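# Descriptive analysis of the structure
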Amino acid sequence: MENWSVDQVCNWLRQRNLGELVPKFREEEVSGAALLALNDRMVQQLVKKIGHQAVLMDLINKYQQQKSGLESPTYCGETASPEFPEVVSGKNLKSFFARCKTLQWTSSYTLPVFPYDVKCILAEKKCPDHSMRIRIIEFLQADMTKYLEGSLYPNSQQYNIVVNALLQAYPFLDEDGNGFLLWKRALKDRFKYVRRPIEDDEQVLRNKCKFGHRRGQTRKSSFAENKPGNIRLQVEEEPVHLEGSAMDVHIKWLKQEYMKTQRNWKEVDDRMNVTIEIRRKMISDKAPLKDILRLFPFLRCPYQLFREFQLLTHMDIYKKTIEILEIYSEHILSFNVVRNNPINIMLQENLKRHTEEDILKCMKMTAACLLLPDVFGDDSSLFAAVNEEVKAETPVLEVRNPFNVNSCEFALYIEREELAQLDDCTMALAALVAAFHVFNIPCPQRIHRTLNFLESLVFEVRSPASLPIQAKRGLEAPEYPSI
């Protein structure tokens, strides 16, 4: 292989069902010698798909092991197939069957061979810094993806097996007894980051449910006419009459595309642009929400909800919401009026259980988001139902286990029906504000001050609303500035 030309490398890729990589390998002039010199960082830059990255690195490692006559003792979870006779012949046959067995994700999972720089840190039993943690998590994620044959949806048991294997091999990584949760959270976040381009896809929720992921399960039907647990829309229903066959074609395409696992998001954006006029007319004419969502189901996806808001206002509400919570969260938590609030008490109890800076910051931002109505003296039940049933007809958040890093859930409800599931408090708050504007829903008076504060910051008004002036003893009614 060392003497292969670029053409020979390309033919080798085609034989391994990696023909998609040929144009990039030709562009970068990857010969046989260059192929064997690739490290995991180079592969990530050269190959976009995680599944292809894992398969390519696996093939290179196997070739190098076969050439040197060495059998890696810690890579017993590698896949193999009849395509690689050098791996499954002779003395390696027993090892091959052992590796196939580990693909069942039993407790016999064995860690992969880490890159040299990672092995050096682990050998010294030093707690890795942030960048080294990322390297470890990236490698574990690629290894898990390879076992899942390119899938990006591990279930909870598979996460547990991998993290347990890591901590058993390197006990010093279990920092103050919180290591398991921290490493598992980091690994889940890495998969979420890789899935981010399709994270707003409702089919992702079904895929998570298929592979055993708890957050993927749907607790209630999306509409009263749907079967329990089924989040799909009834696309068989005929839409209301629209003038122009072209508009009917766009709507029919959007409804069909929504049911697919892999969506053409560029085409979805284009067709949502084309149909915005009829959609806005339906909303302004007070058409029933379920009819609007039946014709335009992509409004259920947070990404499309934020995009619709941006088309109307030219504002990136998700980015603005992140800025708002980062700036105001500490200030909100310092108010006397929220000191004895059950949410704040719950926050303080959970803060003691964690030391990871990112987790603590996320918890504080979640608490600040949920406590905002109490700071303004508004009705919090019209803002978020925390571990309770949603009762409001207007847009409201449903929040379950807000400070549990493994089981927290956020969802947006309108007319007591679930519109979308959301990743975290930032996305949830952005979706709540966006829903009032996108669906042209009047703001209830009992939550007006809270939303007025948020909207003034989102729309960057010259004199934005501010938090109420803190009373010295927390007993007097706060003063509210006017815009």
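Residues numbered from 1 in each chain as written. Predicted model: local features only at pLDDT ≥ 70, side-chain atom pairs only at ≥ 80, totals over all residues. Heavy atoms only, no water.

This paragraph deals with the overall build of the chain. Secondary structure assignment for the chain yields 22 helices and four strands. For the chain, buried positions account for 51% of its 483 residues. For the chain, restricting intrachain contacts to residue pairs at least 6 apart in sequence, the fraction spanning at least 24 positions comes to 62%. Carbon and sulfur atoms make up 52% of the accessible area of the chain, which totals about 24000 Å². (Helix = DSSP H or I, 4+ residues; strand = E, 2+ residues; numbered from the N terminus. Buried < 20%, exposed > 50% of the residue type's maximum accessible area, 1.4 Å probe, protein only. Contact = heavy atoms within 4.5 Å. Areas by Shrake-Rupley, 256 points an atom, 1.4 Å probe, with all protein chains shown as cover.)

Turning next to the side chain of E398. Along the polypeptide, E398 turns up in strand β2 (residues 396–400). The exposure class of E398 is buried, given its relative accessible area of 1%. Polar side-chain contacts of E398 include one of 3.2 Å to the side chain of R400. (Polar contact = N/O pair within 3.5 Å; in protein donor to acceptor, adjacent residues only side chain to side chain.)

Backbone geometry at E29 places phi at a positive 55°, although glycine is not the residue there. By the element assignment, E29 lies in the loop between α2 (22–27) and α3 (32–36).

Taken N-terminus to C-terminus, the directions of helix α8 (residues 116–123) and helix α9 (residues 130–147) make an angle of 115°; their axes are 10 Å apart at the nearest point. When the axes of α8 and α9 are compared, the crossing they make is left-handed. Of the residues in α9, those touching α8 at D117, V118, I121 and L122 are M132, R135 and I136. When grouped by side-chain class, the residues that make up the contact of α8 with α9 number five nonpolar, no polar and two charged. (Axes fitted to C-alpha atoms, helices over the stretch in contact; angles between N-to-C directions. Left-handed = near helix turned anticlockwise from the far one by under 90°. Nonpolar A, V, L, I, M, F, W, Y, C, P; charged D, E, K, R; others polar.)

With 18 residues, α9 should reach 26 Å at 1.5 Å per residue; the first-to-last C-alpha distance of 26 Å fits that figure. Within α9, 14 of the 18 residues are buried, leaving the element largely enclosed by the surrounding structure. Where α9 begins, one side-chain oxygen reaches toward the backbone nitrogen of M132, 2.9 Å away; that side chain belongs to D129. (Expected span 1.5 Å × (residues − 1).)

Here we come to the packing of helix α18 (residues 317–333) against helix α20 (residues 357–375). Put simply, α18 and α20 touch, their axes get as near as 8 Å, and they point 75° apart. It follows that α18 is roughly perpendicular to α20 by the angle criterion. Within the contact between the two elements, α18 uses I322, L325, E326, S329, E330, I332 and L333 and α20 uses K361, K364, M365, A367, A368, C369, L371, L372 and V375. Each residue belonging to the contact of α18 with α20 can be placed in one class, and the counts come to eleven nonpolar, one polar and four charged. (Parallel < 35°, antiparallel > 145°, perpendicular 65-115°, else oblique.)

A word on the packing of aromatic side chains. Following the criterion strictly, the structure yields twelve aromatic pairs and no others. When the ring of Y159 is compared with that of F191, the centres are 5.8 Å apart and the planes differ by 80°; the resulting orientation is edge-to-face. Of this pair, Y159 sits in helix α10 (residues 156–169) while F191 is found in helix α11 (residues 179–195), placing the two residues 32 residues apart along the sequence. Judged by its relative accessible area of 2%, Y159 falls in the buried class. (Phe/Tyr/Trp six-rings, centres within 6.5 Å; stacked < 30°, edge-to-face > 60°.)

For the chain, the mean per-residue pLDDT works out to 75, and 76% of the residues sit at or above 70. Within the model, pLDDT remains below 50 along residues 70–103, and this stretch shows 57 contacts once partners closer than five positions in the same chain are excluded. Low pLDDT, under 50, characterises residues 471–483; the predicted model gives this stretch 20 contacts beyond four residues in sequence or across chains. (pLDDT = per-residue confidence, 0-100.)

Next up on the list: the nonpolar core. Note on soluble globular proteins: their nonpolar side chains tend to be buried together. Counting 86 residues, the largest nonpolar core has L412, F439 and L454 as its most contacted members. Looking at which element gives the most residues to this core, the answer is helix α21 (residues 425–438), with twelve residues. (Core = buried A, V, L, I, M, F, W, Y, C linked by side-chain atoms within 4.5 Å.)

Below, the discussion takes up the pairing of β2. Across the five residues that make up β2, a large majority, four, are buried. Relative to β2, strand β1 (residues 384–386) is paired through three bridges, and the arrangement is parallel. Each residue of the ladder has a partner; that of V386, found in β2, is V399. Taken together, the five bridges between β2 and strand β3 (residues 409–414) define a ladder with antiparallel strand orientation. Bridge pairing links V396 to Y413 in β3. (Pairing = 2+ DSSP bridges.)

Between side chains of opposite charge, pairing is possible as soon as their charged atoms come close. In total, this model carries 18 salt bridges according to the counting rule given. One salt bridge in this structure joins D270 and K266, with 3.0 Å as the shortest N-O distance. Separated by four residues within a single helix, D270 and K266 lie in helix α14 (residues 265–274), roughly one turn from each other. Since its relative accessible area comes to 30%, D270 is described here as partly exposed. Across the pair R416 and E393 runs a salt bridge whose closest N-O atoms are separated by 3.4 Å. (Salt bridge = Lys/Arg side-chain N within 4 Å of Asp/Glu carboxyl O.)

A few words now on helix α1 (residues 6–15). For α1, the complete set of buried residues consists of V9, C10, W12 and L13. Buried positions in α1, seen along its axis, are confined to an arc of 160° and lie on one side of it. One or two steps after α1, the chain reaches N17, where phi turns positive at roughly 60°. (Arc of directions from axis to C-beta.)

A few words now on the sheet that holds β3. The four strands lie next to each other as β1-β2-β3-β4, forming an open sheet whose pairing is mixed. Of all the strands in the sheet, just β1 and β4 (417–422) have a single pairing partner and so form its edges. Averaged over all adjacent pairs, the angle separating strand axes in this sheet is 25°, with direction ignored. Where α21 meets the sheet, it contacts β2, β3 and β4, and its direction lies at approximately 5° from that of β3.

On to the pairing of β4. Taking burial as the measure, the six residues of β4 include five buried ones, the bulk of the element. Pairing geometry for β3 and β4, over five bridges, is antiparallel. Looking across to β4, one finds that F410 is bridged to L422. The hairpin formed by β3 and β4 contains two residues between the paired strands, and E415 there has a positive phi angle of roughly 55°.

Mapped onto the elements, D269 comes out in helix α14. For the pair D269 and F298, spaced 29 residues apart in the sequence, the C-alpha separation amounts to 9.8 Å.

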